[in-house]
Each structure stands twice: as C-alpha cells, then as structure tokens.
Amino acid sequence: MARKRSEHVYGPEKHGARWRIEYRDGDGGRSRESFATEGEARAAVEALRARLQGRKVSEAIEEYVADRTADGLRPSTIRTIETRLRTMLDAEGDRTGGPIADLNAARARSLFDATATRTIVMAWRRKEPETRTTPRSVDYRIGVLAYSRSFAAWCIKRGYLRRNPFDGLAVKGRRKRGKPQLRATEAQRWTAAALELAATVSRRGDSALCALIALTCATRATEPALRQCRDVDEDGAVLWIPDSKTEAGKRRLVVPEFLRPLLLARTKARAATSPLFDRCDAPYILRVVYDICDAEGVPRATTQSMRGLHSSLAHAAGATAELVAAQLGHAGTGVTFGHYIAPAAAAAVKQERVLRVITGGRK
C-alpha cells in the first residue's frame, strides 16, 4: 500500500503582480491559486489551514492506521494500535473524538485519566443489565499512553498538531511482570489431560496440541496455530516458525517425540500449504487451557504462562539465559528475565530436562 503523504499549504509568495498560494494533497497532487493582494492570499491560507485542523480525531486515526499498515506491521499489531487509540481518544463515545485541533494538554490529561477504569455492561437473559466498573491494569495504561504519544508525534509531522499533548503524562503504579505458573506436579497432570484431548483431531484437540507445543517448545500459542502442513518437517521432529512477532521469533523448533505422531496426524491427506490446524485462535486456545485446568483441579494458567513455565524449568535446570531467550524467540534476555523466568529459577540446561519434569519421563 502506498504511503499517504501529508497535506500542506504554502505561501503566499509574490508572483508577478499577484500573490500565489499552493496546496498539496495527501496523494501527491498540487494546485495553485493567485490573488490580487497579499491580504486576500493570507486569508485563503488561513481558511485552508483551518480546514486541515478541523479534521476529526477518528479521521486522523484512519490515516495513521493506513500509514502504519504501509510500514508492514502485522495485522494483529495494527488492530491493537487502532483499538487502543479509539479507546483512549473517544472518551465521550461519539466515535469521532472531536476535532484534532482540540487535542490539547488539558484534554489529553482528561482522556488519559478516563482510561484508569472501564465500564462493563453485564447482560442477563432474565435480569436487568448490570453495569460494572473495573480498574484497568498499569500495563494497559502504559501501552495505551505509548500508542497515543506515537500517534500525536505523527500528527505533528502532518501539521495537525503543533505539540504533543501527551508529553509529561505518566502512569503511577507497578507493572506486573510474568503470569502465575503451574507447579511441576500440576503441569504433569495438565499435560496428561491435554495429551488425551490432543489425540482427537478436532478444534478442541487442535487447541490442546497448540498449548502443549507452547509448553514443551516455548512457543507463543498462536505460532503453531498459524502453521501450514509443510512447516512440520523431518517426520514431525521439526516445526518451522517462519514468521513471528519479531525477527528473533523466526526459528526451527525440535518437537518432543511424544508429540510428533499428533502433529503428523494433522498433515495426512492435506496439501503442503493447507493450514495445520483449523479454526484455532488465541481466545479459543485459552478457553481450552482453562477447561483442562478446571477439569484437573489446578489453578488456571494462561497459554503465555505455559511458555513461561518452560522458561522457568529450563533456567532452574541449568539452561543459560541466552539459550532460553533463543528458544522463546526473544532477541535478548531482558524480556525473558522480566516476564517469563520465575525469580526463584536458577541457572541453565536443555529442553530434555524440561520434558522429563512436565511429562513424567517421556522424551
């Protein structure tokens, strides 16, 4: 997609006996107009600039999203950016956010304060809808503020704003690092139940297998979910991750022996470029993970914490931080230590040690 350029008004400048202004649109087009006096030309410039500044916030967000799409960002990242910006900048709920020129420091502060909580309407079949207000996490607010700052900086380059109204704002509170993880014995019980479900080639079985891969191979749950049959290589011994959230996430994973038949079963009678799993997405995988946790009587753990459990066990058993980071698809060890490895875990080993712990001895 071609990048849309910014709109500008230039002039007035002396042109013979008249005064000329020039307007350049966002598609590379330009138009000129001349006036008898400098005063008439300046009035026309002010009118054009007022029109540009009268652009609604929602219109600017649409342009920004198109611009970031042209940068080649992943669709999921684009959706997150757009959702966060509309949440932040549409506090009144009119879906336009008002004129972009009205986005000053005071309004930015008001909008930012409004993100501290969210209102949920609980709808019931036989009861009146219930409205519930819940606080938003520190992590969410930090993220939405960062997106808003980047958007405002882009607006400045486009000439829609003169200064960044979100500068000087900060989120109070401590970030939560990492998610609660299962204990080794709980992970063994969860793994046994997940394996039983994964043996059935169904949507639930596929989701269970994706979660097992996240636990045993330290992938993001959606990484195996988005694979094609051709990504299962060497008789199921290897799973290729050719695209990921980051460049470091592109990698070749060794699949444990007890999962290889389950992966190969998904490739039978299918074209090489067919999806490995059908209708498998992050929310449904998480739902299946929770169902297994509930059935086994263990605390609920997310798919991301399964990935974190792999890291903690590997690190505690002796795997170097660099090895764990590479397995997770991280470019460095900072994110690995901050969000995935439990604080009590101590120094460095291989994937076989993790598998022995969580599978009770299976290779």
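Just above, that's the structure.
What this report covers is the structure whose coordinates are included nearby. (Residues numbered from 1 in each chain as written. Predicted model: local features only at pLDDT ≥ 70, side-chain atom pairs only at ≥ 80, totals over all residues. Heavy atoms only, no water.)

1. Considerations on the packing of helix 6 (residues 184–198) against helix 7 (residues 203–217)
Where we set the bar: Only the stretch in contact is used when fitting a helix axis, every axis being a line fitted to C-alpha atoms; angles between N-to-C directions are given from 0 to 180 degrees. Runs of E in the DSSP output that reach at least two residues are strands. Runs of H or I that reach at least four are helices, and both are numbered from the N terminus. Oblique is the label for every angle not falling under 35 degrees (roughly parallel), over 145 degrees (roughly antiparallel), or within 65 to 115 degrees (roughly perpendicular). By definition, any crossing whose near helix is turned counterclockwise from its far helix by less than a right angle is left-handed, and any crossing with a clockwise turn is right-handed. In what follows, residue pairs with any heavy atoms lying within 4.5 Å of each other are defined as contacts. Charged residues are taken to be Asp, Glu, Lys and Arg, nonpolar residues to be Ala, Val, Leu, Ile, Met, Phe, Trp, Tyr, Cys and Pro, and polar residues to be all remaining types, Gly included.
Relative orientation of the contacting elements helix 6 and helix 7 amounts to 140°, with a least axis distance of 8 Å. Taken together, the axis directions place helix 6 and helix 7 in an arrangement best described as oblique. In terms of crossing hand, the pair formed by helix 6 and helix 7 is left-handed. Only Arg204, Gly205, Ala208, Leu209, Ala211, Leu212 and Leu215 of helix 7 make contact with helix 6, whose side of the interface consists of Trp190, Thr191, Ala194, Leu195, Leu197 and Ala198. By residue class, the composition of the contact of helix 6 with helix 7 is 10 nonpolar, two polar and one charged.

2. Brief notes about the sheet that holds strand 3 (residues 30–35)
So the rule is basically this: Between any two strands, pairing holds if DSSP finds at least two bridges.
Here three strands make up an open sheet; going across it, the order is 1-2-3 and the pairing antiparallel. Edge positions in the open sheet fall to strand 1 (8–15) and strand 3, since each of these has one partner strand only. Across the sheet, the mean angle separating the axes of adjacent strands is 20° when strand polarity is ignored. Relative to strand 3, strand 2 (residues 18–24) runs antiparallel, the two being bridged by six bridges. Within strand 3, the position partnered with Glu22 by the bridge is Arg32.

3. Points about the nonpolar core
The condition is simple: Side-chain atoms within 4.5 Å link the members of a nonpolar core, which is a set of buried Ala, Val, Leu, Ile, Met, Phe, Trp, Tyr and Cys residues. Relative accessible area decides the class of each residue, using a 1.4 Å probe on protein chains only: under 20% of the type maximum gives buried, over 50% gives exposed, and in between gives partly exposed.
In this structure, Trp190, Leu209, Leu259, Leu263, Ile285 and Ile292 are the most contacted members of the largest nonpolar core, which totals 40 residues. Contacts of Ile285, omitting those with residues within four sequence positions, involve Ser207, Cys210, Ala211, Ala221, Ala225, Cys280 and Thr303. Within the second largest apolar cluster, 28 residues are counted, among which are Met88, Leu111, Val144 and Tyr160.

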